[in-house]
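# A structural walkthrough
Read off the chains here:
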Amino acid sequence: MENDELVCEAARNGDVGKLKTLIDSGADVSCFDKDGLSPLMHAAKHGHAEAVKSLLEAGAPWNALSPSNLSAGDFAMDAGHQDAFDLLLNAGIQSELVLGTIARKGSENGGSNVDYLEDRVSFSEDKLMDTEDKAVMMAWEKPLMEAHAKAVCSGGGHILNIGFGMGLVDTAIQQYNPTSHTIVEAHPGVYKRMIDSGWGDKENVKIIYGRWQDVLDQLGSYDGIFFDTYGEYYEDMREFHQHLPTLLKPGGIYSFFNGLCGSNPFFHVVYCQLVSLELESLGYSTQLIPLPVKDCLGEKIWEGVKHRYWQLDTYYLAVCQAVEDSE
Ligand SMILES: C[S@@+](CC[C@H](N)C(=O)[O-])C[C@H]1O[C@@H](n2cnc3c(N)ncnc32)[C@H](O)[C@@H]1O
């Protein structure tokens, strides 16, 4: 039997002794068997937590994907193997925290979505698309946007929204009649549409045209903040979070579009935990409220859309507030 098959077999059987011998003799823990499964996936699928631990320690990648796009964590989660799941979750969080540190050091260039901001966008009734047929925003998210608006407007006062898109969250925010409603939008085509449709004439609305990164000095402090941009990375949102202590008033509520890794259930769990931990380090507690979205998402919705950015049945609405306010 090939060495790769032997490692997979030992992992499948939870034979930690054999696994260690193979690892010590130089076996490749990042291999895949003929079905495209890694040793870590085999160990996770069968709930062999000790084997999962040994493989992770030997450098097996926690985020490798099977041909059906499942990771070891997905296998553990689906089979209800809590110990293996916890080990993989911890490995995912630790590794993303480290990668984040590296990305932070290297992110001094022009901006993540310069190309998107320079290209045309097209509007239809049910979506806003970029030139690559990727959806910037889709109407199926309307109930989610309404829930976000309800959360960030719960204390009334001054509200900030970053990213207008189809104006769904802003329309919902207007229903709460906030004292002031500031909208930051960076795309010229989206901005033009906002102006053409009268958003600039609303009494309590202030539109700031530009990337949030470039207009921070025009912002004040707010009772509710929602963040939902497009074409940016997790790292950009992390950078936005660094400004929360100045932007969010004491007692205020912050929320963001939680589409983090929305096409893989386990990666989504990793990122929900990661963002909660990072917000906690800034002094904010995060509540993740489950909202079922399966019924909003028929096959037809994605016709003509290149990337299905959301494939999960439950959306976790993040509601964040300063730790002292939540106690
Ligand atoms: C997903 S859409 C927002 C959808 C919106 N929440 C709604 O309810 O319709 C993202 C929007 O953010 C804008 N955007 C992207 N990057 C931005 C940035 N750095 N600063 C401000 N707006 C940005 C995009 O042009 C787009 O209009």
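Residues numbered from 1 in each chain as written. Predicted model: local features only at pLDDT ≥ 70, side-chain atom pairs only at ≥ 80, totals over all residues. Heavy atoms only, no water.

Looking at an unreviewed UniProt entry, one finds the protein chain named Protein arginine N-methyltransferase 2, with Coffea arabica as its source organism. Looking at the protein chain in UniProt, the text filed under Subunit (unreviewed entry) is "Monomer." (UniProt positions renumbered as here; feature names shortened; annotations may be inferred.)

A separate point is unusual backbone geometry. One non-glycine residue, Asn177, lies in positive phi territory at about 45 degrees. Looking at the element boundaries, Asn177 is found in the loop between helix H9 (168-174) and strand E5 (180-185). A residue is classified by how much of its surface remains accessible, and Asn177, at 60% relative accessible area, is exposed. Phi is positive for Cys261, close to 50 degrees, though the residue is something other than glycine. Looking at the secondary structure, you find Cys261 in the loop between strand E8 (248-256) and helix H13 (265-281). (Helix = DSSP H or I, 4+ residues; strand = E, 2+ residues; numbered from the N terminus. Buried < 20%, exposed > 50% of the residue type's maximum accessible area, 1.4 Å probe, protein only.)

We now examine the UniProt feature "repeat: ANK" (unreviewed entry) in the protein chain. Here, UniProt's "repeat: ANK" (unreviewed entry) annotation points to residues 35-67. Across residues 35-67, helical content stands at 48% and strand content at 0%; the span's end C-alpha atoms are separated by 8 Å.

Take the domain arrangement of the protein chain next. By domain assignment, the protein chain separates into domain 1 (3-106) and domain 2 (118-326). Using only C-alpha atoms to locate each centre, domain 1 and domain 2 end up separated by 34 Å. Each partner contributes to the interface: domain 1 provides 19 residues, whereas domain 2 provides 13 residues. Taking both sides of the interface into account, the surface hidden between domain 1 and domain 2 amounts to around 1,300 Å²; carbon and sulfur atoms contribute 75%. At the surface where domain 1 touches domain 2, the tally comes to zero salt bridges. Taken together, the connections running from domain 1 to domain 2 amount to four residue pairs in polar contact (both at pLDDT 80 or more). (Domains from an automatic or database assignment. Contact = heavy atoms within 4.5 Å. Buried area = accessible area lost by both parts, 1.4 Å probe. Salt bridge = Lys/Arg side-chain N within 4 Å of Asp/Glu carboxyl O. Polar contact = N/O pair within 3.5 Å; in protein donor to acceptor, adjacent residues only side chain to side chain.)

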